[in-house]
Structure formats: C-alpha cells, structure tokens
Amino acid sequence: MSFLIKSILLGNFLINFSFVLLANSNSPIFKHIECEIKFDNNKSKFLSLDIADTFEKRSYGLMNREKIETNEGMLFIWEDSEIREFWMKNTYFNLDLFFVNKYGVIVEVFKNAKAFDEKKIISKEKVKFVLEMKAGDIKAKVGDNLICSLN
C-alpha cells in the first residue's frame, strides 16, 4: 500500500481507539466486598461484589462490562428503602435481580433480565438493596439472607 493510504488507515485506527479509551475511562471506580448468601437449607455461598452506593455508580451499574465471573456481581445500596427501578440498557449479559430489605432478607426475585432490554424492572416492595448476579449463577429465593460487612 502507498504511504498515504497507510497513514489514513493508521489515523482512523488511532482516532477510533482513542474514542474507545475515552468511553471506558468514564466508568466509576467501585469498592469491592465479599458477601454471603444464607439459604433456608442452612447452606451458603460466598459472593464477590462491587458496591454501587452513589448516584453515579448506581446509574452506571454493570453497563458496558462484557462479562462477569461466577459468584461476581453488584450490590446497589441506598440510604433508605423505596420502590426501585432497573433496566438492562448497555448490559451485555442476562442478570438475576434480588431485591433485599433493610434487614438483608430477599423479598423479591426477578430472574433472567435480558441483556440490552430497556423495559423497566420495578420492585413490588420498598427495598434498600438490590443484588445483581449473572442469570442462573445463584439459586437464592425469597426469604434467603444476604450478609455483607458494609463498613
């Protein structure tokens, strides 16, 4: 190829690559904690969670991540208990949402929210926490307990 064509192609690549880096650099930094789900059969499972405890972090959530590993997820935290709304915009994988009251008890479960779906997922009860995990990763149900040290 001629020098001019190579220069144009390289320039386009560098411009596009720069936009990708800029887009990804806007993601907030999430604190990481270990939590445990206690099931009603006295078994438990440990989880590795990112914490979304500010408006910015809750708004960004798991968007734009291309994958999460088994037992990884995100815990959304608010100061108060309210009806919560979620959607799957820019989320690359299906999720299960666990709505958790202020005592750490799962009060509602929304299974298999579809990737990129912009329909609202609205809790039926007021909750203080919402746990998002890769769909099918944990078999928690209403009445199970989420235990986290939120210091």
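Preceding block: the structure.
Residues numbered from 1 in each chain as written. Predicted model: local features only at pLDDT ≥ 70, side-chain atom pairs only at ≥ 80, totals over all residues. Heavy atoms only, no water.

K.L.:
Teacher, can you tell me more about the packing of aromatic side chains here?
P.N.:
The relation between two aromatic rings is expressed through the spacing of the ring centres and the mutual angle of the planes. Overall, the coordinates contain five aromatic pairs when judged by the stated rule. Relative to Phe116, the ring of Tyr92 has its centre 5.1 Å away and its plane inclined at 70°; by these criteria the two rings are edge-to-face. One end of the pair, Tyr92, is in the loop between β4 (85-86) and β5 (95-100); the other, Phe116, is in the loop between β6 (106-113) and β7 (121-122), with 24 residues separating them in the sequence. Looking at Phe116, the relative accessible area reads 44%, which means it is partly exposed. Aromatic rings pair up to connect Phe76, Trp78, Phe86 and Phe99 into one cluster. If you follow Arg84 out to its NZ or CZ, it ends over the ring of Trp78, 4.0 Å from the centre. (Phe/Tyr/Trp six-rings, centres within 6.5 Å; stacked < 30°, edge-to-face > 60°. Helix = DSSP H or I, 4+ residues; strand = E, 2+ residues; numbered from the N terminus. Buried < 20%, exposed > 50% of the residue type's maximum accessible area, 1.4 Å probe, protein only. Lys NZ or Arg CZ within 6 Å of the ring centre and 35° of its normal.)

K.L.:
Explanation requested: the pattern of salt bridges in the structure shown.
P.N.:
A side chain of one charge can pair with a side chain of the opposite charge if their charged atoms are brought near each other. Within this structure, the stated rule accounts for 10 salt bridges. Between Glu69 and Lys67 there is a salt bridge; the shortest N-O distance is 3.0 Å. A salt bridge links Lys120 to Glu85; the nearest nitrogen and oxygen atoms lie 3.4 Å apart. In this pair, Lys120 sits in the loop between β6 and β7 while Glu85 sits in strand β4, placing the two residues 35 residues apart along the sequence. (Salt bridge = Lys/Arg side-chain N within 4 Å of Asp/Glu carboxyl O.)

K.L.:
I tried to follow the sheet that holds strand β9 (residues 145-148) on my own but got confused; where do I start?
P.N.:
Paired through their backbone hydrogen bonds, the strands of a sheet run either parallel or antiparallel. The mixed open sheet is built from seven strands, whose spatial order is β6-β5-β8-β3-β2-β1-β9. Two strands lie at the open edges of the sheet, namely β6 and β9, each paired on one side alone. With strand direction ignored, the average angle separating the axes of adjacent strands in the sheet is 30°. (Pairing = 2+ DSSP bridges. Axes fitted to C-alpha atoms, helices over the stretch in contact; angles between N-to-C directions.)

K.L.:
Whenever I open this one, the pairing of strand β3 (residues 72-82) confuses me. Can you help?
P.N.:
The side chains of a regular strand alternate, first on one face of the sheet and then on the other. Sheet topology places strand β2 (residues 44-52) next to β3; five bridges connect them, and they run parallel. Looking at the pairing, Ser48 lines up with Glu72 of β3. Relative to strand β8 (residues 127-134), β3 is paired through six bridges, and the arrangement is antiparallel. Bridged to Ile77 within β8 is Phe129.

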